[in-house]
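# Fold and contact review
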Amino acid sequence: MKRRKFVQIGAMSLGTLSSAQWAYGTKLKVEKPAWLSKIIQQNDQDFPRYEALRITDLKHHYFGGFRDGDDIPNPQTTGYYIVKVACAVISPESSLFESKAHVEKAIQACQCLLKMQHTDGTIDLLSTNFHSPPDTAFSVEKLSVAYVLLQKNNVDNRYSSLMNPLETFLKRCGESLVVGGVHTPNHRWVVSGALAKLYQIWPDPRYKARAEQWLQEHIDLDPDGQYTEKSAGIYSAIINKALISIVHGFKKTELLDAVRKNLEMTLYYVHPNMEVVTDASNRQDKGGINMFENYYYGFRYLAILDKNPRFAAMCRLIEKAYFPRIGTHIENFLDEPFLWQELPAGNSIPTNYVKSFPYSGLVRIRRDQWDSTILINNPNFLTFHHGNAILQGLRLAASFFGKGQFQSNEIKQVGDTWLLQQKLDGPYFQPHSKEQIDPSGDWEKMPRSNRKQSEIQYLETSIQIKETPTGLSVDIDMKGTDGVPVSLELIFRGDGKFEGVMPSGKESNAYLLKEAEGKYILGEDRILFGPGKAEHKAIHLRGGLPFAQAPSVYITGFTPFRHQLTISSK
């Protein structure tokens, strides 16, 4: 850092801190830390990118607003610009400190926001939701903090011309949030958190009363420590932050217990390359690539509040892995000097464990630089990561009456083995009895459920997964009807290279494993797998899921299909 700046914490700043912080007797740091100065400077670097999205045509209905990457003017990008300007102009470390030109652009953006806002106070999320109270709340969560930052620094009414339209926008939002509904479980807490933010600025009793209506439904945290949507990649972190806002605004410190439990669980959802385990999610992040930047605020808050060494260690890991990403919380860092405190000592999170999360339907195994996830109710029933070499899914299918894609509805532990099972049947159907026949011959009026079954075929699959010194063994036993084609699919991720496999003759990145061992190598990391079996080339079977459009290796055979697959880090 080139220079150090000191700030005085005024009455408003102290007022935004939670009573829980004072209860712990934490001494506030008044000097901005170097990491925050770095984030402020990073914030400055975003402005050229935003400038390219700005609508500068004076005749355009949304002049002063901002487009997204699809060239659609929208309130989210427009609102984020206002937040970024607020964070820059009040920070002496910023090259845009007290920039009148940027304040003027933010005023224009705010006037555009008012045009985008509906008469009921809501805004749209143009990709899916219209007149949306929850998406209004997401914007309020950030813009309310921007307002507070401007208010704290409004010397000689320097920022009043921006604060006035922003106040109008936020109060109109509040009118929508005191009556508006939600779509999903997390929306209840996002709306309540936004109401808490508004309540801290304008203590309208309706804000608190509406939040209480949602809060009386109780926080939907299961015994594993996960919320209903199981969205480890997106919404769990959002809920944690919303609950902390409710703690601040409405002094409900008991809600921090839910945040603590979720963050403790999340320590076991860390891949060696610092990605989030997303495979059990019920939302759009399922199986996706997500990082931990949105968790940083919650981990830092409770690391300091509770003096929690593991949470502090997680903060350090996030900073090391992708520091620029934590700038997404810049407005909170500037608004809450409590977060400027040094993290407590702590340099490690769990990296050597086997842990079951039955309510989330998964088992996590991690051994330092490799980890695996076993899943129920998921055709990708196993993943394996070794650094950046990633087996993102192991799938098994049989061409059994169009329904042979394997997935298990439970995981059983038998000693040191994890057991997945599935039973299928494939019947044929006899004629209806004469009195049951529809005179018009309408097939739908002669349901199968009323027909006798015959020639019933069966397929039973048992998969036993056991840890080895360097990975896993996967014992597959599929039996019942003989001669059914089977395809075992290993789906990898990235631009690594294969060894020991042969082209499938299908897609260019689909291969067969005939040899004793195959390898997938990405940089310094590798995954070894085998032995192979290639009794046929029907890798995509009727009733199985379509090709994953990723580098994939297939092991094929026929029932009875017995195969022991070893997956190893070395």
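Coordinates for the structure precede this section.
What counts, and where the lines are drawn
- Residue positions are counted from 1 within each chain, in the order its sequence is given.
- Whole-chain, interface and lining totals are the exception, using all residues; otherwise, since this is a predicted model, local features are given only for residues with pLDDT of at least 70 and side-chain atom pairs are given and counted only at 80 or more.
- Only hydrogens and water are removed before side-chain values are computed, so all heavy atoms of the structure are retained for them.
- With axes taken as lines fitted to C-alpha atoms, and helix axes fitted only over the stretch in contact, angles between N-to-C directions fall between 0 and 180 degrees.
- Put simply, DSSP marks the helices as runs of H or I at least four residues long and the strands as runs of E at least two long, and each gets a number from the N terminus on.
- These descriptions rest on fixed angle ranges, namely under 35 degrees for roughly parallel, over 145 for roughly antiparallel, 65 to 115 for roughly perpendicular, and the rest for oblique.
- Each crossing gets its hand from how the near helix is turned against the far one by less than a right angle, where anticlockwise is left-handed and clockwise is right-handed.
- Contacts: residue pairs with any heavy atoms within 4.5 Å of one another.
- Side-chain classes follow a simple rule in which Ala, Val, Leu, Ile, Met, Phe, Trp, Tyr, Cys and Pro form the nonpolar group, Asp, Glu, Lys and Arg form the charged group, and the remainder, Gly included, forms the polar group.
- A pocket here means an open set of points on a 1 Å grid, computed over the protein atoms alone, that has protein on both sides within 12 Å along at least five of seven lines. A cavity is instead a set of points where a 1.4 Å probe fits but cannot get out; residues with an atom within 4 Å of a point line either one.
- Grid points are joined across faces, edges and corners, and a volume is the space filled by probe spheres set on the points.
- When a residue's accessible area, from a 1.4 Å probe over protein chains only, is under 20% of the maximum for its type it is buried; when over 50% it is exposed; and in between it is partly exposed.
- Pairing between strands is defined by DSSP: at least two bridges between them are needed.

Attention now goes to the packing of helix 11 (residues 235–250) against helix 12 (residues 256–266). Across the interface, helix 11 lies against helix 12 with an axial gap of 9 Å and an inter-helix angle of 155°. Classified by the interaxial angle, the pair formed by helix 11 and helix 12 is roughly antiparallel. The interaxial crossing formed by helix 11 with helix 12 has left-handed handedness. Within the contact between the two elements, helix 11 uses Ser-236, Asn-240, Leu-243, Ile-244 and Val-247 and helix 12 uses Leu-256, Ala-258, Val-259, Asn-262 and Leu-263. Split into classes, the residues belonging to the contact of helix 11 with helix 12 amount to seven nonpolar, three polar and no charged.

With that settled, consider the layout of surface pockets. Estimates place the volume of the largest pocket at around 1400 Å³. Lining the largest pocket are 49 residues; nearest its centre among them are Tyr-80, Phe-138, Lys-142, Asn-294 and Thr-328. At the level of secondary structure, the elements contributing two or more residues to the lining of the largest pocket comprise helix 3 (34–45), helix 4 (47–51), helix 5 (75–89), helix 7 (133–152), helix 9 (185–201), helix 11 and helix 15 (330–335). Grouping the amino acids of the lining of the largest pocket by side-chain chemistry returns 18 nonpolar, 19 polar and twelve charged.

Take Pro-485: it is sitting in strand 12 (residues 485–493). According to the relative accessible area criterion, Pro-485 is partly exposed, its value standing at 24%. Between the C-alpha atom of Pro-485 and that of Pro-546, which follows or precedes it by 61 residues, the distance is 16 Å. Apart from residues no more than four positions distant in its own chain, Pro-485 is found in contact with Ala-397, Ala-398, Ser-399, His-536, Leu-541, Gly-557 and Phe-558.

The strands making up a sheet associate through hydrogen bonds between their backbones, and the pairing can be parallel or antiparallel. The strand order across the open sheet built from nine strands is 3-4-5-6-7-12-18-15-14, with neighbouring strands paired in mixed fashion. Pairing within the sheet leaves two strands with one partner each, and these edge strands are strand 3 (352–357) and strand 14 (502–503). Strand direction decides the pairing type here: strand 3 and strand 4 (residues 362–367), joined by six bridges, are antiparallel. Residue pairing across strands places Phe-357 opposite Leu-362, the latter belonging to strand 4.

Moving on: the sheet that holds strand 19 (residues 561–568). An order of 8-9-10-11-19-17-16-13 is seen for the eight strands of this open sheet, with the pairing classed as antiparallel. For this open sheet the edge positions go to strand 8 (412–414) and strand 13 (497–499), each flanked by a neighbour on one side alone. Neighbour-to-neighbour, the strand axes of this sheet turn through a mean angle of 20°, independent of strand direction. Inspection of the sheet shows strand 9 (residues 417–429) paired to strand 10 (residues 453–468) by twelve bridges, in the antiparallel sense. Directly across from Thr-417, in strand 10, lies its bridge partner Lys-466.

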